[in-house]
Amino acid sequence: MIPRPFAYHAPDSIGAAIALLSDFGDQAKLLAGGHSLLPMMKLRFAAPEHLIDLRRIKGIRGIDMQGDEISIGAMTTEREILASPLLAMHLPLLVETARQIADPQVRYKGTIGGDIAHGDPGNDHPAVMLALDARFVLVGPHGERVVPAADFFLGTYVTAIEPDEVMTQVRISKPAVGSGACYAKLKRKTGDFATAAAAVVLRMDRGICADIAIALTNVAPTAMRAEAAENALRGRPVEDAAIAEAGDLAMAACEPAADLRGDEAYKRAMAGQMVRRALRTALSRCTG
Ligand SMILES: Cc1cc2nc3c(=O)[nH]c(=O)nc-3n(C[C@H](O)[C@H](O)[C@H](O)COP(=O)(O)OP(=O)(O)OC[C@H]3O[C@@H](n4cnc5c(N)ncnc54)[C@H](O)[C@@H]3O)c2cc1C
């Protein structure tokens, strides 16, 4: 319950936050919504000497669309995602995901950037970002770079973010007209992390699967794409046999860790079920 003492900083610009990160190195941690970092500090799994709060920085919060690109500031909360008419219209998958994350109080504080930057395989946004081919804007002392989700999740709690970088924005191309999507999550109770979950984005063309992305949550050291399952569906009708096969292929690809949510075999089986469920729902939402 009691974290170690730390110094608190509340810079009002990205530049000032990066300067603090550069000064304090691995003794510093960025603080966003605090709903992963503070619990770890209270258990003393993390004991940073400096916390750099991002809340006073303007311009890294909010949801916008330009052309076909939707941009979401890293400090945008789950609550803001749930309440966004723009996302409800153009990217309902993100709203469906946020609804299944944590609980109302946590969603008022937790941010999309923090959920992704934390690198926890149990978090829900990473798999959804992989399925949507999202891109993350990272700003450091030498400027800005854009990293695709596919290159971002390197291991449990390990991401492509350098110690002196801040994630400022998530960029997502609007899914093609007519495509359907679904995030299916199995959990023990509301507010729990997934036992297994699957994100699917699907586009059909005259009864044939024209485009498909399948990504999995909490069944490997990081969120992962289920490529063999995708390949089995692309170019084929999405019928019962193909859906069953895709579930089997996703099961074969995942590497779950046994814990209180279940052993390896159970989690693997549930990953397959979540893929099948998400595929059926995404298909029912396709209008192509
Ligand atoms: C009871 C409970 C239930 C939960 N259930 C779920 C769930 O079902 N699904 C789920 O996905 N999450 C769940 N969470 C986690 C929650 O969504 C967190 O808020 C989220 O994981 C982290 O976001 P945050 O803004 O709170 O980040 P913080 O806790 O502030 O930060 C997390 C990490 O990311 C880093 N970081 C944060 N922002 C940035 C940035 N912009 N650039 C670079 N690094 C950054 C921090 O330095 C820190 O290392 C739950 C949390 C609680 C307390």
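Residues numbered from 1 in each chain as written. Predicted model: local features only at pLDDT ≥ 70, side-chain atom pairs only at ≥ 80, totals over all residues. Heavy atoms only, no water.

1. Overview of the sheet that holds strand 10 (residues 166-173)
Reasoning step 1: Across the sheet, which stays open at both edges, the 5 strands sit in the order 4-5-10-6-7 with antiparallel pairing between neighbours. Unpaired on one side and paired on the other, strand 4 (63-66) and strand 7 (143-148) mark the two borders of the sheet. The sheet shows a mean angle of 25 degrees between the axes of neighbouring strands, taken without regard to direction.
Reasoning step 2: As defined by bridge partners, strand 6 (residues 135-140) adjoins strand 10 across 5 bridges and the pair is classed as antiparallel. Looking at the pairing, V139 lines up with V166 of strand 10.
Reasoning step 3: Relative to the sheet, helix 1 (residues 14-24) contacts strand 6 and strand 10, its axis offset from that of strand 10 by approximately 125 degrees. (Pairing = 2+ DSSP bridges. Helix = DSSP H or I, 4+ residues; strand = E, 2+ residues; numbered from the N terminus. Axes fitted to C-alpha atoms, helices over the stretch in contact; angles between N-to-C directions. Contact = heavy atoms within 4.5 Å.)

2. As for the domain arrangement of the protein
Reasoning step 1: Domain parsing of the protein yields domain 1 (7-53), domain 2 (63-173) and domain 3 (180-285).
Reasoning step 2: Residue-level contacts link 10 residues of domain 1 with 15 residues of domain 2.
Reasoning step 3: In this assembly, domain 1 and domain 2 are joined by 0 salt bridges.
Reasoning step 4: Here domain 1 and domain 2 share 0 residue pairs in polar contact (both at pLDDT 80 or more) between them.
Reasoning step 5: For the side of domain 1 that touches domain 2, the element with the highest residue contribution is helix 1, accounting for 4 residues.
Reasoning step 6: Its residues placed into classes, the side of domain 1 that touches domain 2 shows 6 nonpolar, 4 polar and no charged. (Domains from an automatic or database assignment. Salt bridge = Lys/Arg side-chain N within 4 Å of Asp/Glu carboxyl O. Polar contact = N/O pair within 3.5 Å; in protein donor to acceptor, adjacent residues only side chain to side chain. Nonpolar A, V, L, I, M, F, W, Y, C, P; charged D, E, K, R; others polar.)

3. Focus on the packing of aromatic side chains
Reasoning step 1: With the rule as written, the count across this model stands at 3 aromatic pairs.
Reasoning step 2: Between F136 and F152, the aromatic rings sit 4.8 Å apart at their centres with planes inclined by 70 degrees, giving edge-to-face as the arrangement. Pair noted here: F136 is in strand 6 and F152 is in the loop between strand 7 and strand 8 (153-155), with a separation of 16 residues, a long-range link. The same class applies to F136 and to F152, which are both buried.
Reasoning step 3: Ring plane angle 80 degrees and centroid distance 6.2 Å describe the contact between F136 and F153, whose orientation is recorded as edge-to-face. Residue F136 is located in strand 6, and its partner F153 is located in strand 8; the two are separated by 17 residues in the primary sequence.
Reasoning step 4: A relative accessible area of 0% means that F136 is categorised as buried.
Reasoning step 5: The buried category is assigned to F153, whose relative accessible area is 13%. (Phe/Tyr/Trp six-rings, centres within 6.5 Å; stacked < 30°, edge-to-face > 60°. Buried < 20%, exposed > 50% of the residue type's maximum accessible area, 1.4 Å probe, protein only.)

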